[in-house]
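Residue-level structure breakdown
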Amino acid sequence: LDVVIGEGEVHPTLTQRLEVAGSLQPGSILPEHVRTIICIDLSGFDAGYSSVSTGLRPVYESLVSFGPFIVSDALLRLFLQGSLSIEMRGSLPTDGAHHVVGKGSLTLASLLR
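So, a few notes on the structure that sits alongside this text. (Residues numbered from 1 in each chain as written. Predicted model: local features only at pLDDT ≥ 70, side-chain atom pairs only at ≥ 80, totals over all residues. Heavy atoms only, no water.)

Digging into the overall build of the protein
Helix and strand counts for the protein stand at 3 helices and 7 strands. Mapped in sequence order, the helices and strands of the protein form the string β-α-β-β-β-β-α-β-β-α. When the backbone C-alpha atoms are referred to their principal axes, the protein occupies close to 55 × 25 × 20 Å. Excluding contacts between residues fewer than 6 apart, the proportion of contacts in the protein whose partners are at least 24 apart in sequence is 58%. (Helix = DSSP H or I, 4+ residues; strand = E, 2+ residues; numbered from the N terminus. Contact = heavy atoms within 4.5 Å.)

Shown next as structure tokens:
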């Protein structure tokens, strides 16, 4: 199962939220210095990550692959009922700590149609 991660758009307040999380003075980081990464998780497999991108309109151009698969009832059930968990993690160039700044999920059944 391959998942392509293309482009994103980050809310302009992300810089301020990360400054607060990093105990930095407001306005000390420019939006183009904000770094983000996408984490995708599929139950039973290692999490996959995009490349790191910067700015409020990040371009990841990444491919995350899950597999190999052994066809079984459990796998078919996962494809019919399971989902991909997605997190966007943000960081500032001054601290490197990743903070979860967004979460979502996609059902596998809708992706495999």
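There's plenty left to go through after this.
A short note on helix H1 (residues 14-21)
Among the residues of H1, those classed as buried are Leu14, Thr15, Leu18 and Glu19. Projected onto a plane normal to the axis of H1, the buried residues spread over an arc of 135° and lie on a single side. In this structure, the buried residues of H1 make contact with strand E2 (35-42), strand E6 (83-91) and strand E7 (99-107). Taken from the residues just after H1, Ser23 is the one with a positive phi, measuring 55°. (Buried < 20%, exposed > 50% of the residue type's maximum accessible area, 1.4 Å probe, protein only. Arc of directions from axis to C-beta.)

Quick notes on the side chain of Ser62
Take Ser62: it is sitting in strand E5 (residues 59-65). From its side chain, Ser62 meets the backbone oxygen of Tyr60 in a polar contact 2.9 Å long. In contact with Ser62, not counting residues within four places along its chain, are Val3, Val4, Ile5, Ser50 and Ser51. (Polar contact = N/O pair within 3.5 Å; in protein donor to acceptor, adjacent residues only side chain to side chain.)

Observations concerning unusual backbone geometry
Cis geometry is adopted by the peptide bond preceding Pro68, which originates at Gly67 and carries an omega value of 0°. Within the secondary structure layout, Pro68 lies in the loop between E5 and helix H2 (73-81). Unlike most non-glycine residues, Ser23 shows phi in positive territory, near 55°. Among the residues examined, Ser23 registers a relative accessible area of 69% and is labelled exposed. Although it is not a glycine, Glu61 sits at a positive phi angle of roughly 40°. Mapped onto the fold, Glu61 is located in strand E5.

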